[in-house]
Amino acid sequence: MLKCLQTQLLFLGLFLAVLTASGSLLVSLLALLLTLIGGWFCIRSLWTDYVQQSLRCDLLDIRRTYLEAADSCLWVAEAEGAVVGMVGAVLPEDPLERGRALELKRMSVGREHRGRGIGRALCRTVIHFAQERGYSAVVLSTSMVQYSAQKLYESVGFQRVSERSPSLLASFLQFSVFYYRYEIPGSR
């Protein structure tokens, strides 16, 4: 978010306004530092809310969400007897996508296991699963700060189709969620 031009202009404006009002470089730098710390707490709050929401919803009952629900599944990747990654497929939350696409959810690969093709294999597993069931696409969402996930999805063939802020606070902080779509070749 610090790379966004709007954020940089906001910080510059804040710095100049405090410098003009106070005449002190130290006070201006302190105002920037406090703003950065406050922003960090806000972003942390957004992330904590996301994790809590995930734990209250699909991850609270994995069997019901991923193993018993129609056209849903959860896969784990293992290395040396330990789980190193996971991904799920579910019916999309967007009612317009139901019947046409499956949603890739909860993609995760442990940091020490990234760069080994595990994420790519998990993505392809979901795409193959959707194709076997006659779906024409796979959709997913990821946050703007998950650069490695975005690069992975784009390298597999997902196309970014939209961008939204999940809340008013997120919008104020210039935080977005990116929505991706993979069209399955040769599907209906």
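Residues numbered from 1 in each chain as written. Predicted model: local features only at pLDDT ≥ 70, side-chain atom pairs only at ≥ 80, totals over all residues. Heavy atoms only, no water.

Right, let's talk about unusual backbone geometry for a bit. For E80, which is not a glycine, the phi torsion comes out positive at approximately 55 degrees. Its location among the elements puts E80 in the loop between β1 (73-79) and β2 (82-90). The backbone of R106 sits at a positive phi, close to 60 degrees, despite the residue not being glycine. With respect to the helices, strands and loops of the structure, R106 is situated in strand β3 (residues 101-109). In this structure R106 comes out as buried when scored by relative accessible area, which is 14%. (Helix = DSSP H or I, 4+ residues; strand = E, 2+ residues; numbered from the N terminus. Buried < 20%, exposed > 50% of the residue type's maximum accessible area, 1.4 Å probe, protein only.)

A few words now on the domain arrangement of the protein chain. By a frequent convention, interface size equals the accessible area lost on bringing the separate parts together. Entries for the protein chain in the domain assignment read domain 1 (5-57) and domain 2 (63-183). A C-alpha centroid distance of 30 Å is found between domain 1 and domain 2. (Domains from an automatic or database assignment.)

Taken in spatial order, the six strands of this open sheet run β1-β2-β3-β4-β6-β5, and their pairing is mixed. Sheet topology places β1 and β5 (159-164) at the edges, where each strand pairs with a single neighbour. Neighbouring strand axes in the sheet, compared pairwise and without regard to direction, differ in orientation by 25 degrees on average. Of the pairings in the sheet, the one linking strand β4 (residues 137-143) to strand β6 (residues 177-183) comprises seven bridges and is antiparallel in character. Across the sheet, V139 pairs through a bridge with R181, a residue of β6. Sheet strands in contact with helix α4 (residues 118-132) are β1, β2, β3, β4 and β6, and its direction is about 160 degrees off that of β3. (Pairing = 2+ DSSP bridges. Axes fitted to C-alpha atoms, helices over the stretch in contact; angles between N-to-C directions. Contact = heavy atoms within 4.5 Å.)

We now examine the side chain of S176. The residue S176 is located in the loop between α6 (168-172) and β6 in this model. In contact with S176, not counting residues within four places along its chain, are S143, M144, E163, R164 and S165.

Pairing is possible between side chains that carry opposite charge, provided their charged atoms lie close to one another. All told, the structure shown has eight salt bridges when counted by the stated rule. One salt bridge connects R160 with E154, and the closest N-O pair in it is separated by 4.0 Å. Among the residues examined, R160 registers a relative accessible area of 41% and is labelled partly exposed. One salt bridge connects R181 with E183, and the closest N-O pair in it is separated by 2.4 Å. Judged by relative accessible area, R181 falls into the buried class, the value being 14%. E183 gets classed as partly exposed once you look at its relative accessible area, which sits at 46%. Connected via shared salt-bridge partners are E97, R100, R181 and E183. (Salt bridge = Lys/Arg side-chain N within 4 Å of Asp/Glu carboxyl O.)

Our focus in this paragraph is α4. Between its terminal C-alpha atoms α4 stretches 21 Å, which fits the 21 Å expected from 15 residues at 1.5 Å a residue. I118, G119, L122, C123, V126, I127, F129 and A130 are the residues of α4 that are buried. Contacts from the buried residues of α4 go to β1, β2, β3, β4, α5 (147-156) and β6. Within two residues after α4, G134 carries a phi angle of roughly 85 degrees, on the positive side. (Expected span 1.5 Å × (residues − 1).)

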